[in-house]
Structure formats: C-alpha cells, structure tokens
Amino acid sequence: MSDARLSVLKTYKLFVGGKFPRSESGRVYEVTDSKGKWLANAPLSSRKDARDAVVAARKATGGWAGATAYNRGQILYRIAEMLEGRRDQFIGEVADAEGLSKSKAAAQVDAAIDRWVWYAGWTDKIAQVVGGTNPVAGPFFNVSSPEPTGVVAVVAPQESSFLGLVSVIAPVIAGGNAVIVIASEASPLPALSLGEVLATSDLPGGVVNILSGRAAEIAPSLAAHQDVNAIDLAGADAELAKALEIAAADNLKRVLRPQPVDWSAAPGTERLTAFLETKTVWHPTGSLGAGGSSY
C-alpha cells in the first residue's frame, strides 16, 4: 500500500452574516504568493454579494450596538484568544501573502492579536474620553455620550493583508458598528481565514462581513448604498477614493479618507472615534422645596 496521498486543498469562502457562502456569481480568481506561485482560488465577489453583506450588517446592528460595552470587550478579547490558538496558520498565510520571512510574519500576527486586545480594553472606556456632563446655564442636566454610526464599509489596506486589516476592523466594531470589509485584492487569504476565527468567537453573525475580489468593482455599490452609514477608504488608491467620496455624498455618509499609516505603530483612538456619533440629552433638574434648591 502506497503512503502517498493527495493534500486536501482549502476552499476559501466569503464571510457574510456569520456564514460562509461562495460568491453568488460562482466566480473565483487565482491568488499567488510574492513569487507568483499559486496559493488558492478566492471568491470574486459581485455587487450582489455586497448588497447581501449590507443586509446582514444592518440586521446585526441593533443587537450589537445594544450590547453592553463590557460584553463587546469580552468578545473582542475572545477573538484574540482564538487567533493565538491559530497563530502558526496565520504566520504561514501572512508570510506567503506578503513575501515575509517567518519571523517578520510572526511579528505582524502578534501585533494583530495585540491590537484586538487593545481595542477590547477601549470598549468600556471610550465614553469617558469623548462623552461626559456638560456645564449649562440653567436648571438642566446636559450629558453627551457616544453612539455607533451604524453600518460601515471598509476598503482594507492592500499591502498589509492582516495587521492592516485588523487595524481597520477592530475599532469599527469596538464602537458598536457593523462592518463590511473588502479584503486586499492580491492577498485576501488571511482575511478570509479571519472569518473562520470570528465565526467561533461569540461574535454575532453579520457584525463583520468579509468580501474578497476587486475593490473597484464592489466598493462603488457600497459607497452609493443608502443603508451604509460610513466608509473607510484606507486601501483605496487616489482615483478610486475620489469616485467613492462622490458616491458617498448622496446620503451624507461619513468618509474617512486614505492617508499614509504605519500599521505597526501604536493605533491610538482616531479610528475608534471616527465612526461614533455624539448624542446629547437635556434633562430638567427639578426643584426641591420652596427654597428653590435643586439636585
């Protein structure tokens, strides 16, 4: 009996609504490593896939935005735990995707895991930074607090297939938003594998939706979609970014323009606050007794 066996090649799929569909069009495209060696066939998402992702994201927004900040932090930390357990797999995928040595790929993966922990810690603290009680001239309480924007579309960084990807997804969902992310076109495999981690990390289906394919094909439909509230153009080139900004203006989406970013640097809170709205509530203090004292 021969010991030779055929390897079981992995079939990469999209991650939409907590499930793993193929592209509705049935299309795929070849993904190669930095030396041109074939790695896998990735789904080539269509505009219909993008619309399906918006439906899934919108369905998930109520429950996710309504969850306690503490609970969201627990789930983000759970994602970090699950990634730690699959660290070797992601090191291999990042090394192939970006042409890095195993040691440099390991540094990228470790930084991505740490980034989930970073944002997990911010979920129940950001309100103290960007919210608070406002002094007003009158017998009122005036309180401002952050609320999620809603459904956010993201064009992921093209060169940083995993650390950059995590750096644009984690802050969006940490604030209570749902996200549709278009993975790096040339290196989508780490992103598609991340979907497998998210599916087993207590994250409600639809909070994160991952599409692979050509950003120039599917991003315009997301930018013009009336049920998308904001868009992050991190991975869009200048020409595509301009077209997406114009399309996004139709329903006054928030737009985070592309800018040079060192994804390995400390993340800060800019991307976290970029997709938060401020709600201000006025409430009369009332009166206690004839003396006019109030509380």
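Reference entry: report on the structure contained in this document. (Residues numbered from 1 in each chain as written. Predicted model: local features only at pLDDT ≥ 70, side-chain atom pairs only at ≥ 80, totals over all residues. Heavy atoms only, no water.)

## Things to note about the sheet that holds strand β10 (residues 276-284)
Here is step 1: Reading across the sheet, the three strands line up as β3-β4-β10 and stay open at both edges, with antiparallel pairing between neighbours. Since the sheet does not close on itself, it has two edges, and those belong to β3 (132-133) and β10, each with one partner.
Here is step 2: Relative to β10, strand β4 (residues 140-148) runs antiparallel, the two sharing nine bridges. In the strand pairing of β10, Ser145 is matched with Lys279. (Pairing = 2+ DSSP bridges. Helix = DSSP H or I, 4+ residues; strand = E, 2+ residues; numbered from the N terminus.)

## Things to note about the sheet that holds strand β7 (residues 208-211)
Here is step 1: A sheet is described by the order of its strands in space; here five strands give the open sequence β7-β6-β5-β8-β9, paired in parallel fashion. Across the chains shown, the open sheet's two edge strands, defined by having one partner strand only, are β7 and β9 (254-256). Recorded for the sheet is a direction-independent mean angle of 15° between the axes of neighbouring strands.
Here is step 2: Sitting on the sheet, helix α8 (residues 215-224) is in contact with β5 (151-155), β6 (178-182), β7 and β8 (230-232), with an inclination near 155° to β6. (Axes fitted to C-alpha atoms, helices over the stretch in contact; angles between N-to-C directions. Contact = heavy atoms within 4.5 Å.)

## Quick word on the pairing of β7
Here is step 1: Of the two faces of β7, the one lined by Val208 and Ile210 and the one lined by Asn209 and Leu211 are each fully buried.
Here is step 2: Looking at chain direction, β6 and β7 are connected through four bridges and run parallel. Residue Ile182 lies in a different strand from β7, and its bridge partner there is Leu211.
Here is step 3: For the handedness criterion, the β-α-β arrangement of β6, helix α7 (residues 189-198) and β7 is classed as right-handed. (Buried < 20%, exposed > 50% of the residue type's maximum accessible area, 1.4 Å probe, protein only. Right-handed = clockwise from strand over helix to strand, strands pointing away.)

## A closer look at the side chain of Ser212
Here is step 1: Turning to its location among the elements, Ser212 is positioned in the loop between β7 and α8.
Here is step 2: Taking relative accessible area as the criterion, Ser212 reaches 0% and is therefore assigned buried.
Here is step 3: Filtering out sequence-adjacent residues up to four positions away, Ser212 remains in contact with Leu14, Tyr29, Ala42, Pro43, Leu44, Ser45, Pro188 and Leu192.

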